[in-house]
Amino acid sequence: MTLNLCVLTPNRIVWDSEVKEIILSTNSGQIGVLPNHAPIATAVDIGILRIRLNDQWLMMALMGGFARIGNNEITVLVNDAEKSSDIDPQEAQQTLEIAEAALRKAEGKRQKIEANLALRRAKTRVEAINGIS
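What comes next is a walk through the structure.

1. Some details on the overall build of the protein
Alright, step 1. Across its full length, the protein carries two helices and eight strands.
Alright, step 2. Secondary structure elements of the protein occur, N-terminal to C-terminal, as β-β-β-β-β-β-β-β-α-α.
Alright, step 3. In summary, the protein has a C-alpha radius of gyration of 15 Å against a globular reference of 14 Å for 133 residues, a match within 12%.
Alright, step 4. Taking the principal axes of its C-alpha atoms as reference, the protein extends roughly 50 × 30 × 25 Å.
Alright, step 5. A fraction of 54% describes how many contacts in the protein between residues 6 or more apart in sequence connect residues 24 or more apart.
Alright, step 6. Looking at the protein as shown, the accessible area adds up to about 7700 Å², and 48% of this sits on carbon and sulfur atoms.
Alright, step 7. Averaging the locations of the 15 positively and 16 negatively charged side chains of the protein gives two centres separated by 6 Å.

2. Here's the deal with the pairing of strand β1 (residues 3-8)
Alright, step 1. As defined by bridge partners, β1 adjoins strand β2 (residues 13-19) across six bridges and the pair is classed as antiparallel. The residue of β2 that forms the bridge with Val7 is Trp15.
Alright, step 2. Direction of pairing for β1 relative to strand β7 (residues 73-78): parallel, over a ladder of five bridges. Within β7, the position partnered with Cys6 by the bridge is Thr75.

3. Some points on helix α2 (residues 109-130)
Alright, step 1. The end-to-end C-alpha distance of α2, which contains 22 residues, comes to 31 Å, matching closely the 32 Å that a straight helix rising 1.5 Å per residue would cover.
Alright, step 2. Of all the positions in α2, only Ala115, Leu119, Ala122, Thr124, Arg125, Val126 and Ala128 are classed as buried.

4. Some details on the pattern of salt bridges
If charged atoms from side chains of opposite charge come close, those side chains can pair.
Alright, step 1. Taken as a whole and assessed by the stated rule, the structure comprises six salt bridges.
Alright, step 2. Of the charged contacts, one joins Glu21 and Arg52 as a salt bridge, the two residues approaching to 3.0 Å between their closest N and O atoms. You can see Glu21 sitting in strand β3 (residues 21-26) and its partner Arg52 sitting in strand β5 (residues 40-53), a full 31 residues away along the chain.
Alright, step 3. One network of salt bridges, in which partners are shared, links Glu82, Glu91 and Arg125.

Each value, and the rule that gives it
Residues numbered from 1 in each chain as written. Predicted model: local features only at pLDDT ≥ 70, side-chain atom pairs only at ≥ 80, totals over all residues. Heavy atoms only, no water. Helix = DSSP H or I, 4+ residues; strand = E, 2+ residues; numbered from the N terminus. Rg over C-alpha atoms; globule rule 2.2 N^0.38 Å. Contact = heavy atoms within 4.5 Å. Areas by Shrake-Rupley, 256 points an atom, 1.4 Å probe, with all protein chains shown as cover. Lys, Arg positive; Asp, Glu negative; His and termini not counted. Charge placed at Lys NZ, Arg CZ, Asp CG, Glu CD. Pairing = 2+ DSSP bridges. Expected span 1.5 Å × (residues − 1). Buried < 20%, exposed > 50% of the residue type's maximum accessible area, 1.4 Å probe, protein only. Salt bridge = Lys/Arg side-chain N within 4 Å of Asp/Glu carboxyl O.

Rendered as C-alpha cells:
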C-alpha cells in the first residue's frame, strides 16, 4: 500500500507521486506518516521532508507551510521546497556562511529575527544535502 504525496509551492509542483512513507517536520516535532494514517492538518516547520520510495530515502528541504493528511493522500503547501538533488552544495554552504555572518552582525530585534530565519533556511538546505537533521 502506498501514499500519494503532493508537495506544492506558490510557483510549482515539486513532487507528485506515490511514496511508501514520509517523515515531516512540523512546528511540534517530526511526524512519520504510513498508509492509513489518521486524518490530520498541521503546520510545517522549516526542515527536512524525508520520503521513502521502496528501500530508498530521499530528502527535501521545506521552508514552512501547511500539510493535510487523509485517505492515503498527503498535500504539503510550502513557501519553498527543494529536492536535495537540486541543491548545489557549494552554493548552499556559501549561503550558510553568509547567513551566519549576517546573524552575528544583526542589530535590533527585527534584524535578529530575520537573520535567524535565514540561518534556519540555509542550515536546512545543507542538512538536506548531507542527509542529516
